[in-house]
Amino acid sequence: MTTLQPLAAAVTSEPAAAHAATGITAYAWLLVALPALGAAVLLLGGRRTDKWGPLFAVAMSWSAFVVGFIVWIAMLGRDGESRAMHLDLYNWVPAGSFQLNAGMLVDQLSVTFVLLITFVGSLIHVYSLGYMEHDPDKRRFFAYLNLFVAAMLLLVLADSYLLLYVGWEGVGLASYLLIGFWNYNPAYATAANKAFVVNRVGDFGLSVAIMIMFAAFGTVTFAGVQEASGGAGSGVLTAIGLMLLLGACGKSAQFPLQSWLGDAMAGPTPVSALIHAATMVTAGVYLIVRSNFIFEGAPNAQLVVVIVGAITLLFGAIVGCAKDDIKKALAASTMSQIGYMMLAAGLGPVGYAFAIFHLVTHGFFKAGMFLGAGSVMHGMNDQVDMRRFGGLSGAMKITWATFGLGWLAILGVPPFSGFWSKDKIIEAAFIGEGWRPWVFGGAALIGAGITAFYMSRLFFMTFHGKKRWTDDVHPHESPLLMTVPMMVLAVGSALLGLVLSIGGTFSSWLEPVVGGHAEGEHPVLPVPVLITLTLLLVAGGVALAWLRYWRDSVPETAPTGSLLTRAARRDLYQDDVNEAVFMRPGIHLTRALVFADNRGIDGGVGGLAALIGGTSSRLRKLQNGFARSYALTMLAGVVAILGAVWVIQ
Amino acid sequence: MSNFPWLTVIGLIPLIGAIVVAALPASMADQAKKVALGFSLLTLVFGVAAALQFKTGSTQQFQLVEQHEWIPQFGVSYALGVDGLALVMILMALVLLPICILAAWDDVPEGGKREKNYFALTLVLATFMVGVFAATDVFLFYVFFEAMLIPVYFLIGSYGGPRRQYAAVKFLLFSLAGGLVMLIGVIALYKYGPGGADGFLVTKLTGLDLPVAAGRWIFLAFFIAFAVKAPMWPVHTWLPDAATEARPATAVLLVGVLDKVGTYGMIRFCLQLFPEASQWATPVVLALAVISIIYGALLAIGQTDVMRLIAYTSVSHFGFIVLGIFAFTTTGGAGSTLYMLNHGFTTAALFLVAAMLVARRGSKRIPDFGGWQRVTPGLAGVFLVAGLAGLALPGLSPFVSEIMVLVGTFQRYKLPAVIATTGIILAALYILLMYKRMMTGPKPQLDRPVRDITLREKIVVAPLIAAFLVFGFYPKPALDLLNPAVKATLQHVGVTDPAPTSVAEGSSK
């Protein structure tokens, strides 16, 4: 099914800048095929693959990384203009006037994602070998991990919105399967459903966006839409932009579709790392950045993106301050960090590169911290309540050190990774005129301070202060299979930002795809002032956390807390709102309709049937089981009909 | 081979099979299902062979044509022929037939005459299914349309569940009522036609210069019959009863194939013969389609009987099909016709896998399950795949058809398309809630050990799942057959696709 047509075959659907794929890039489909093969073998092979299946899955994931790495090296060998390549695969949907080939767009943006997904994803695969060692369904787990990676790679490599959709929901499916992996616990099964359904609300947006694109432009390929969007009115582009944003909100857990993310912690911890760092939640940011040509012509949609990002980054940060469950606190932090990326993506060309930059560095430090949290749970009998942690730095030195580097990175302490990426977003948010830079820049700045507080709270409550362990735990460091991936990610958390920032490497790398930073745009406050302000707020947040969660003793049960704390513990009442507005009315509506359908609409017919009821018992006598009498009846019927018709004629 | 009566032969093989099965001596009664399976496979082989004779580039509307006088004084011919759509429908039916027979292997455990008749009736039904899609004479179509009811009536009424009588009579009443209305339309149409010995041929009745009022009345007569068959809201209530009381294999043929006659009829007869009336009725039909989508989905969410739930998902899915048909765009039409194919496999997988679970649990009530993923992991897996097809997961075949329906509808009717799109959220709810209630949770305590999926059951579901994946990633073979049929229909209606509304100057597409 993969007929490669390297040249000229489908010139119409190629973006102006993308050349037909040659060399290794013509094999980019292997990136998706390898992990998909892993999933298929493990799922279809059944128990026969129990022994070697997980290793096979790990191998498939790493081989995808190797392919991605070679594709990247090949891309580096070409100069900026000819780096993007297009791989036409086959004629996928020829439905009436809707003609679409499946193809892959291998450009700087997608390759960046490919490297992140396959590298971090593969590390998580390795870690899972240790983490899931004793799980009876280990094979199924690795099959789903492979499926996750395959779907995410399809998402970022697709050359059209429709093919992206396949990866988009594939990721949703994989997350559903993994969040509900231990679905013998009904709460976990509910969490999985919630994730899928909320994502489907987002998919509604993506579907409608595709519908508008085809009606307006007659095409749904990135290249085609990009070309046509130049001449489109802002009304159309705004509608598409808002619908794409709805899709992005679902996948990236942005306000108001954020509610699934916290519950998604039901999945085994490596899954959380995968969802939060390498796959899934980053997809929304990808979609917005990939659709930059839509948002260029739709400033209002852009503004909404920024607003959503700003709300979410504060929302997540506030919730993060109140959570005692280590994974839920990290989840809130992801929401908040993705909010930063969204905000940057909404700022336009000034922010696109930094959105992706932060996405990459975040991928490393957040994966590292989630794996660290998993390591802590591994050593603490799967407990997650930070109020029963404390003083773990002595018992789990590697976990403490690697987690610590992630913590410094997310705080944005120089020279660690987060500093280079997050600080740029804050600076970009302060660019503009009127009220916007002050509001959005202010939100980003305050968010940095709150982030410092809740992440330090998490770090101190877990690793420092007094031991508040329950009696039955004996914390121990995790095996190398788990700690080595954590160490690798910690190196990335420490250095990646610095390395990619030297000479603006990363920004100029992405420039051909997302456009360059226009000259002469400066933040409303001087950059050194912003950096100082940010660092001061961060220091304040850390100090406050130190006072309350390291120096002072932490109560083992949560105090009642202020009104805000209580609200934040309940995720600012997001579930209560959803239940009151959608769920309960929905339940009542379906119940009423079921009742009406059985009684009301069916009533008239039911009465008729009851009337026939008497007749039917007489009819039953006719059903004597003799085929010939049936045949006779049939014949009689046909004759009667024909006769009647003939008479009328 | 060009004069070989392919369609007649394909229709006759199952009929001969039925006679053979029914006539088996009592000593060989236990061979009935094997004979039936053999005949169904033979039919499929001939069906595939016939399909290979079909040329997608032909300028004729119908191919594999056969025509003989039947009742010349009344204009009725025995005329068969297929376009891409009819061919796809027949092939779908022929693929589902052996699958259903294999799935029904142990449906009549008491054996003997009763078992023979069961399989014989199923084969008879296949004959009528081929006939109804292959008929190119309106009267012949009507005869098959009504004749189909007879085997179904007995299959439900004699072999169904506890309320089989009620369900069978209800099914018959609805269908007969629709059929009688259509009969009036059929006769009236003839009077406006050119008459003659072959005056009932579809080709003769296409493009008539009907008086507006007459055209609309006759259109209504046809449409009502098809809406009952499809079934659309508010004439859908027979379906859940029939589907839950019928044997699963019967339910598959009923919902998967026979109901398609409704949407097939809308395309072949309503649109082709009454283009003016079809467009006149469009606003109402679109409204009914959208209501069907939402209503069917909401009702599915509220069901506690798994078979009824699946039946209501079909009400929703048929809403999508009708929506795409009455969007009058090539994309919407291609989406709808592809949906008709995909829905056959989806429904089959859902009904049959659910039935495998029901047989093990001894109950159709969803609350009687729970935690069955730990009991029958294999069945749970295929049930989930079937469910994902039901919610049109991208990558599986129903996605392509559903999104094409929506995209094609949106080109002309924005609001109905957007409202219909909310159906995808509801679909996630009805499928995943069902899966959660039946499959997840702690492992239940069962009185006796339960077997996971057997080899026979694997053979039943494997081709269906293969169809999901193949047509999900490569729907082209089916679309190549369907596109010309849709295009021809829209030419009869006389509409062309709306041009993209904002294309940049000078761009090619």
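Fair warning: this is a prediction, and the values are worked out from it, not measured in the lab.

(A) Expanded view of the overall build of chain A. Looking only at helices and strands, one finds 24 helices and 3 strands in chain A. The 649 residues of chain A split such that 60% are buried. In chain A, of all internal contacts separated by at least 6 residues, the share reaching a separation of at least 24 is 81%. Total accessible area computed for chain A in this model is approximately 23200 Å², and 68% of it derives from carbon and sulfur atoms.

(B) Seen up close, the UniProt feature "domain: NADH:quinone oxidoreductase/Mrp antiporter transmembrane" (unreviewed entry) in chain A. Taken from the UniProt record, the annotation "domain: NADH:quinone oxidoreductase/Mrp antiporter transmembrane" (unreviewed entry) applies to residues 158-440 of chain A. Along residues 158-440 of chain A, the helical share is 76% and the strand share 0%, with 32 Å between the first and last C-alpha atoms.

(C) Representation of the environment of A:G46 in the model. With respect to the helices, strands and loops of the structure, A:G46 is situated in the loop between α1 (29-45) and α2 (53-76). For A:G46, the contacting residues outside a window of four places in its chain are A:V41 and A:R139.

(D) Structural detail: the pattern of salt bridges. Across all of its chains, the model carries 26 salt bridges over all chains by this definition. Here A:D137 and B:R374 are joined by a salt bridge, their closest N and O atoms 3.5 Å apart. Residue A:D137 is located in the loop between α3 (108-131) and α4 (138-157), and its partner B:R374 is located in the loop between α15 (330-361) and α16 (377-390); the two belong to separate chains. As a salt-bridge pair, A:E169 and A:R200 come within 2.9 Å of each other at their nearest N and O atoms. Taken together, the residues span a long stretch of sequence, with A:E169 in helix α5 (residues 161-179) and A:R200 in helix α6 (residues 186-217) at a distance of 31 residues. The burial state of A:E169 is the same as that of A:R200; both residues are buried. Several salt bridges converge on common partners, so that one network encompasses A:D137, A:R140 and B:R374.

(E) Summary view of the UniProt feature "domain: NADH:quinone oxidoreductase/Mrp antiporter transmembrane" (unreviewed entry) in chain B. The UniProt entry lists residues 135-423 of chain B under the feature "domain: NADH:quinone oxidoreductase/Mrp antiporter transmembrane" (unreviewed entry), expressed in the numbering used here. With 77% helix and 0% strand, residues 135-423 of chain B has its two end C-alpha atoms placed 34 Å apart.

(F) The packing of α3(A) against helix α11 (residues 282-290) of chain A, seen in detail. All names here are of chain A. Two elements in contact, α3 and α11, have axes whose closest approach is 11 Å; the angle formed by their N-to-C orientations is 170°. Taken as axis vectors, α3 and α11 run roughly antiparallel relative to one another. Between α3 and α11, the contacting residues are L109, S110 and F113 on the first element and T282, Y286, V289 and R290 on the second. Of the residues in the contact of α3 with α11, the class split is 4 nonpolar, 2 polar and 1 charged.

(G) Just the environment of B:V20, in detail. All names here are of chain B. Summarising the element assignment, V20 is placed in helix α1 (residues 6-23). Owing to a relative accessible area of 34%, V20 belongs among the partly exposed residues under this scheme. For the pair V20 and A32, spaced 12 residues apart in the sequence, the C-alpha separation amounts to 8.7 Å. Once you skip the residues sitting within four places of it in the chain, V20 turns out to touch V35 and F39.

(H) Representation of empty space enclosed by the protein. What the rule picks out here adds up to 5 cavities of 30 Å³ or more. Mapped onto the lining of the largest cavity, the elements with two or more residues apiece are α12 (260-273), α14 (306-325), α15 and α21 (476-493) of chain B. Along the walls of the second largest cavity sit A:Y165, A:E169, A:R200, A:S207, B:A392, B:P394, B:F399, B:E402, B:I403, B:L406 and B:I424, which together make up its complete lining. Looking at the lining of the second largest cavity, the elements with two or more residues in it are α5 and α6 of chain A together with α17 (397-412) of chain B. By residue number, the principal contributor to the lining of the second largest cavity is α17(B), which donates 4 residues. For the lining of the second largest cavity, the residue count by class is 7 nonpolar, 1 polar and 3 charged.

(I) View of the pairing of strand β2 (residues 76-82) of chain B. All names here are of chain B. Counted residue by residue, β2 has 6 buried out of 7 residues, so it is predominantly covered. Where strand β1 (residues 63-71) meets β2, 6 bridges bridge the pair, whose relative direction is antiparallel. Counterpart to E69 in the pairing with β2 is S77. Here β1 folds back onto β2 in antiparallel fashion, the turn holding 4 residues, of which G75 has a positive phi close to 80°.

(J) Broad picture of the domain arrangement of chain B. Residues and elements named next belong to chain B. Under the domain assignment, chain B is made up of domain 1 (1-273) and domain 2 (274-497). Across the domain 1/domain 2 interface, buried area totals approximately 4700 Å², and carbon plus sulfur atoms make up 79% of it. Among the residues of domain 1 in contact with domain 2, R216, W233 and L271 are the three that bury the most area, contributing 16% of the side total. Taken together, the connections running from domain 1 to domain 2 amount to 3 salt bridges. A salt bridge links D241 to R308; the nearest nitrogen and oxygen atoms lie 2.8 Å apart. The interface formed by domain 1 and domain 2 includes 11 residue pairs in polar contact (both at pLDDT 80 or more). When residues of the side of domain 1 that touches domain 2 are traced back to their parent elements, those giving at least two are α3 (84-103), α9 (212-229), α10 (238-245), α11 (248-258) and α12.

(K) Representation of a nonpolar patch on the surface. Residues and elements named next belong to chain A. There is a patch of nonpolar side chains on the surface, built from V66, F69, I70, I73 and L76 and spanning about 400 Å² of accessible area. Structurally, F69 can be placed in helix α2. Assessed through its relative accessible area of 36%, F69 is described here as partly exposed.

(L) Spotlight on the packing of aromatic side chains. One pass over the structure, following the stated rule, counts 60 aromatic pairs over all chains. Relative to A:F463, the ring of A:F403 lies with its centre 5.4 Å away and its plane at 55°, an arrangement referred to as tilted. Residue A:F403 is found in helix α16 (residues 397-411), and its partner A:F463 is found in helix α18 (residues 436-463); the two are separated by 60 residues along the sequence. For the pair formed by A:F403 and A:F463, the shared burial category is buried. The interplanar angle of 65° and the centroid separation of 5.6 Å between the aromatic rings of A:W407 and A:F460 together place this pair among those described as edge-to-face. Of the two residues, A:W407 sits in helix α16 while A:F460 sits in helix α18, which places them 53 residues apart along the sequence. Given the relative accessible area of 3%, A:F460 is considered buried. Above the face of the B:F410 ring, B:K414 is positioned so that its terminal group lies 4.8 Å from the ring centre.

(M) Spatial organisation of the sheet that holds strand β2 (residues 85-95) of chain A. All names here are of chain A. Taken together, the 3 strands give an open sheet; going across it, the order is β1-β2-β3, and neighbouring strands pair in mixed fashion. The sheet is open, and its two borders are formed by β1 (19-20) and β3 (98-106), each paired with just one other strand. Note: β1 against β2, 2 bridges, orientation parallel. Within β2, the residue paired with A20 across the bridge is H86.

(N) The arrangement of the confidence of the model for chain B in detail. All names here are of chain B. Per-residue pLDDT for chain B has a mean of 90; in total, 98% of the residues score no lower than 70. Confidence drops under a pLDDT of 50 for residues 504-509, and excluding neighbours within four residues, the segment shows 7 contacts in the predicted structure. With a pTM of 0.89, the predicted complex shows an ipTM of 0.91.

(O) α6(A), seen in detail. All names here are of chain A. Spanning 32 residues, α6 covers 46 Å between terminal C-alpha atoms, matching the ideal 46 Å at 1.5 Å per step. Remark: the principal bend of α6, roughly 25°, maps to V201. In terms of residue burial, α6 counts as a mostly covered element, since 27 of its 32 residues are buried. For α6, the N-terminal capping position is held by N185, with its side-chain oxygen 2.9 Å away from the main-chain nitrogen of A187. Positive phi shows up at G218, right after α6, with a value of about 75°.

(P) Up close: helix α8 (residues 234-252) of chain A. Residues and elements named next belong to chain A. Helix length check: α8 (19 residues) gives 25 Å between terminal C-alpha atoms against 27 Å at 1.5 Å per residue, within 8%. Within α8 the residues assigned to the buried category are L237, T238, I240, G241, L244, L245, G247, A248, C249, G250, K251 and S252. Taken from the residues just after α8, A253 is the one with a positive phi, measuring 55°.

(Q) Geometry of the nonpolar core. Ranked by size, the top nonpolar core spans 435 residues in total, and within it A:W92, A:L162, B:F222, B:F326 and B:F383 carry the most contacts. Among the elements that make up this core, the one with the highest residue count is α6(A) (18 residues).

(R) Spatial organisation of the interface of chain A and chain B. Every contact between the two is made by 73 residues of chain A and, on the other side, 85 residues of chain B. Together chain A and chain B conceal approximately 6900 Å² of surface at their shared face, both sides included; 70% is due to carbon and sulfur atoms. Run the count over chain A and chain B and you get 1 salt bridge. When residues of the side of chain A that touches chain B are traced back to their parent elements, those giving at least two are β2, β3, α5, α6, α7 (222-229), α23 (574-622) and α24 (627-648) of chain A.

(S) Spotlight on the side chain of B:Q373. By the element assignment, B:Q373 lies in the loop between α15 and α16. Exposure remark for B:Q373: the relative accessible area of 10% places this residue in the buried category.

Calculation rules
Residues numbered from 1 in each chain as written. Chains lettered and ligands numbered in written order. Predicted model: local features only at pLDDT ≥ 70, side-chain atom pairs only at ≥ 80, totals over all residues. Heavy atoms only, no water. Helix = DSSP H or I, 4+ residues; strand = E, 2+ residues; numbered from the N terminus. Buried < 20%, exposed > 50% of the residue type's maximum accessible area, 1.4 Å probe, protein only. Contact = heavy atoms within 4.5 Å. Areas by Shrake-Rupley, 256 points an atom, 1.4 Å probe, with all protein chains shown as cover. UniProt positions renumbered as here; feature names shortened; annotations may be inferred. Salt bridge = Lys/Arg side-chain N within 4 Å of Asp/Glu carboxyl O. Axes fitted to C-alpha atoms, helices over the stretch in contact; angles between N-to-C directions. Parallel < 35°, antiparallel > 145°, perpendicular 65-115°, else oblique. Nonpolar A, V, L, I, M, F, W, Y, C, P; charged D, E, K, R; others polar. 1 Å grid on protein atoms, 1.4 Å probe; cavity = no way out; pocket = protein on both sides within 12 Å on 5 of 7 lines; lining within 4 Å. Points joined across faces, edges and corners; volume = space filled by probe spheres on them. Pairing = 2+ DSSP bridges. Domains from an automatic or database assignment. Buried area = accessible area lost by both parts, 1.4 Å probe. Polar contact = N/O pair within 3.5 Å; in protein donor to acceptor, adjacent residues only side chain to side chain. Patch = residues over 30% accessible without salt bridge, like charges linked within 9 Å, V, L, I, M, F, W, Y side chains within 5 Å. Phe/Tyr/Trp six-rings, centres within 6.5 Å; stacked < 30°, edge-to-face > 60°. Lys NZ or Arg CZ within 6 Å of the ring centre and 35° of its normal. pLDDT = per-residue confidence, 0-100. Expected span 1.5 Å × (residues − 1). Bend = angle between axes of the 7 residues up to and from the residue. Core = buried A, V, L, I, M, F, W, Y, C linked by side-chain atoms within 4.5 Å.

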